[in-house]
Amino acid sequence: MSVLLDTMGMFSRKSKAADDKPAEATLALKDSSRGAEESNVERLRNPHFNKGTSFTQKERAQYGVLGLVPSVEETMELQTKRELQHLRRKTSDIEKYEFLMGLLDRNVQLFYKLVTENISECMPLVYTPTVGQACQEFHLIYTQPRGLYVSLNDLGNVQALVDNWPEDNVTTIVMTDGGRILGLGDLGANGLGIPQGKLQLYSACAGIPHHQCLPVILDVGTNNESLLEDELYMGLRQKRERGETYDHLVKEFMQAAQKRWGRSLLIQFEDFDNTNAFRLLEETRHSYTTFNDDIQGTAAVSLAGVLASLRVTSKVDGGKKKLRDHTFVFLGAGEAGTGIANLIAHAIQEEAVDDGEEPISEAEARRKIWLVDSKGLVTKTRKDNGELQHHKIDFAHEITDDLIDAVKGTEFEVKDGRVTSLEQTVHMLKPSALIGVSAIPRTFTQSIVEYMAEINEVPLIFALSNPTSQAECTAEQAYNWSSGRAIFVSGSPFDPVDVELESGEVVTKYPGQGNNAYIFPGLGLGVLAAKATTIPNELLYVSAQALAEQVVDEDLDGGRMYPHLSHIREVSAKIGVRVADRAFKLAIASAKRPEDLDAYVRSCMAQPIYPQTRL
Ligand SMILES: NC(=O)C1=CN([C@@H]2O[C@H](COP(=O)(O)OP(=O)(O)OC[C@H]3O[C@@H](n4cnc5c(N)ncnc54)[C@H](OP(=O)(O)O)[C@@H]3O)[C@@H](O)[C@H]2O)C=CC1
Ligand SMILES: CC(=O)C(=O)O
Ligand SMILES: [Mg+2]
């Protein structure tokens, strides 16, 4: 194996070893699969092989590395302690990110042990918010490829690139075209940091073996002028391609990947802009095991947060016990906004059926949900004028006379049948939940949040835009402006906040992180365990239910609508079991159903430990 391939974080194509025996899997390769042709130094530099000071004396003798590592023999625990201490010596988050990527390049198992055991500390580094900065500066901090680069120049030749990837057992791909990276816009080829971060979470949070994961950047140019002008930028120097040629590249890649790695290869669309995301999902979802994380994963995590919130809102006077008792207003009507809206509408219908109530039609369920985009409230008038993109149309409701009357004579009066601002919308509709997915920071203003707290005993304020800089409001603002009554959920993590209640008592609130990272690792685990051939919305719906069920009263009491991140592997396991079970029931699984599904799914989760050496 060449040193180049070693440093890409993968291993020899001969290494089929870990393939179908998940119970024994580690996050990297098995010892028996290592390239016999490597020199002793190459072995030490192979991040899958390297144990550093954990090599036993016997191993050192066998591999010819005696004297090439410090003579002490250390446990992995002690090594992890050192790495953690080293990490904490770094003074900025981007340095910490670079340190962690360096560790991944040095020692895969140690990286995953560190990240898995310190997930609350490390997730904000390998993922949002720091990964956002890493993507903005990707061309400046680049050291190793760590993924597959497919560009427009490769059209017609993509299979050859895919075949170059030196791993035969890829199960999970996250791909982006860099079109809409978090809420930071078009970052072109710099967007690769996102698939890398997502896949690191697949491994850390759900035990998907690292070597089975492939981050992919589809380089179709960028409209980001400052990147195009930067001599260090490593993407194509052209404006972003659209239309047929673009579609052709995406599909050529997907076909090539599926041809090589099989029908149940999981392919996740990530951070495509919405001019492509909806179309590509519809065009590929029946012939690939694929989903769009921004549309569907976000929907599931948000629904879970809303379901958990019901346990709080149902307790207050005149409480809103059911989803259908709530009115939702979204700021943002794109991938995340309409994805969440559709899943909540579906859940409202399911809820009525479960409660033995009269069935609620899809249209009726959707009327509980209103969307605001960059031009104002999405309405039937705008639809009739042909002003709305397809994905918004189902939520284009009529502004009825009673709504117009609700704000008549006030500063929020409806003029010319249009509602142009979020504040006007909130005064007219009097929602109980405000969900921010606009990528526009500080749009949940003091007056809006105060009004939400005036009309609701427990308003739901979900500021889901990433990274932290783009959040619609901060945790501190949401709590302080509502005297601590709001349920606050954010896409990127916020620290706990001490807030003074109306009674004068000061309490600490722990904001929950409503991020699709709670969903995709477990969803992927279940899909892979069942070898599902498609990912219908039903699998997202059961993921949301499984996540919400794991929120305990202690979480709710502290203000957190999600389980503590430190439980994420258990959370992912339970989501995985539920997803696999549903895949078998829907007859979309190509694996044989194991007798003990729970045990089987858990056995698919690799542990971050060094593989045993057979000497
Ligand atoms: N927490 C999580 O897990 C996730 C969070 N997100 C975050 O959500 C945000 C949006 O992502 P996504 O939906 O994919 O992006 P899209 O580009 O698809 O949608 C953005 C939406 O925001 C609207 N918008 C833009 N400016 C304004 C404004 N000034 N006032 C009101 N609405 C505005 C746009 O309006 P128009 O349609 O008129 O252009 C559009 O509807 C990002 O920050 C992303 O990081 C996304 C996925 C997961
Ligand atoms: C979390 C995520 O997927 C996003 O912000 O795009
Ligand atoms: Mg995303």
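The model shown is predicted, which means the values in this text are computed figures rather than measured ones.

The rules behind these values
- Residues numbered from 1 in each chain as written.
- Chains lettered and ligands numbered in written order.
- Predicted model: local features only at pLDDT ≥ 70, side-chain atom pairs only at ≥ 80, totals over all residues.
- Heavy atoms only, no water.
- Near = heavy atom within 4 Å.
- Polar contact = N/O pair within 3.5 Å; in protein donor to acceptor, adjacent residues only side chain to side chain.
- Areas by Shrake-Rupley, 256 points an atom, 1.4 Å probe, with all protein chains shown as cover.
- Phe/Tyr/Trp six-rings, centres within 6.5 Å; stacked < 30°, edge-to-face > 60°.
- Buried < 20%, exposed > 50% of the residue type's maximum accessible area, 1.4 Å probe, protein only.
- Helix = DSSP H or I, 4+ residues; strand = E, 2+ residues; numbered from the N terminus.
- Lys NZ or Arg CZ within 6 Å of the ring centre and 35° of its normal.
- Domains from an automatic or database assignment.
- Contact = heavy atoms within 4.5 Å.
- Buried area = accessible area lost by both parts, 1.4 Å probe.
- Salt bridge = Lys/Arg side-chain N within 4 Å of Asp/Glu carboxyl O.
- Nonpolar A, V, L, I, M, F, W, Y, C, P; charged D, E, K, R; others polar.

A. Spotlight on the site of ligand 1. Close contacts around ligand 1 come from 27 residues, with R180, N274, A333, S374 and K392 the closest. At 2.9 Å from an oxygen atom of ligand 1 is found a main-chain nitrogen or oxygen belonging to E335. A distance of 2.9 Å separates a nitrogen atom of ligand 1 from a polar backbone atom of G514. Taking 920 Å² as the accessible area of ligand 1 by itself, protein coverage stands at 85%.

B. Highlighting the packing of aromatic side chains. Enumeration according to the criterion identifies 10 aromatic pairs in this entry. Between F55 and Y63 the ring centres are 6.0 Å apart and the planes differ by 65°, which places this aromatic pair in the edge-to-face class. Note on Y63: relative accessible area 10%, which makes it buried. Where Y518 meets Y562, the ring centres are 5.3 Å apart and the plane angle is 20°; that geometry is what we call stacked. Of the two residues, Y518 sits in the loop between β14 (512-513) and α23 (520-530) while Y562 sits in the loop between α25 (553-558) and α26 (568-585), which places them 44 residues apart along the sequence. In terms of burial, Y518 and Y562 fall into one category: buried. The rings of F49, F55 and Y63 are connected pair by pair, giving a single aromatic cluster. Between R366 and the ring centre of F395, over which it is positioned, the NZ or CZ distance is 5.7 Å.

C. Focus on the domain arrangement of the chain. Per the domain assignment, the segments of the chain are domain 1 (40-120), domain 2 (127-292), domain 3 (297-514) and domain 4 (518-604). Computed over C-alpha atoms only, the centres of domain 2 and domain 4 are separated by 25 Å. Taken residue by residue, the interface counts 22 residues in domain 2 and 20 residues in domain 4. When domain 2 packs against domain 4, close to 1,600 Å² is buried across both sides, 66% of that on carbon and sulfur atoms. The three residues of domain 2 that bury the most area against domain 4 are C205, R285 and F291, which together make up 30% of that side's buried surface. Linking domain 2 to domain 4 there are 0 salt bridges. Seen at the junction of domain 2 and domain 4, the total is 8 residue pairs in polar contact (both at pLDDT 80 or more). Take the side of domain 2 that touches domain 4: its biggest share by element is 7 residues, from helix α11 (residues 193-206). Per-class residue counts for the side of domain 2 that touches domain 4 are 10 nonpolar, 9 polar and 3 charged.

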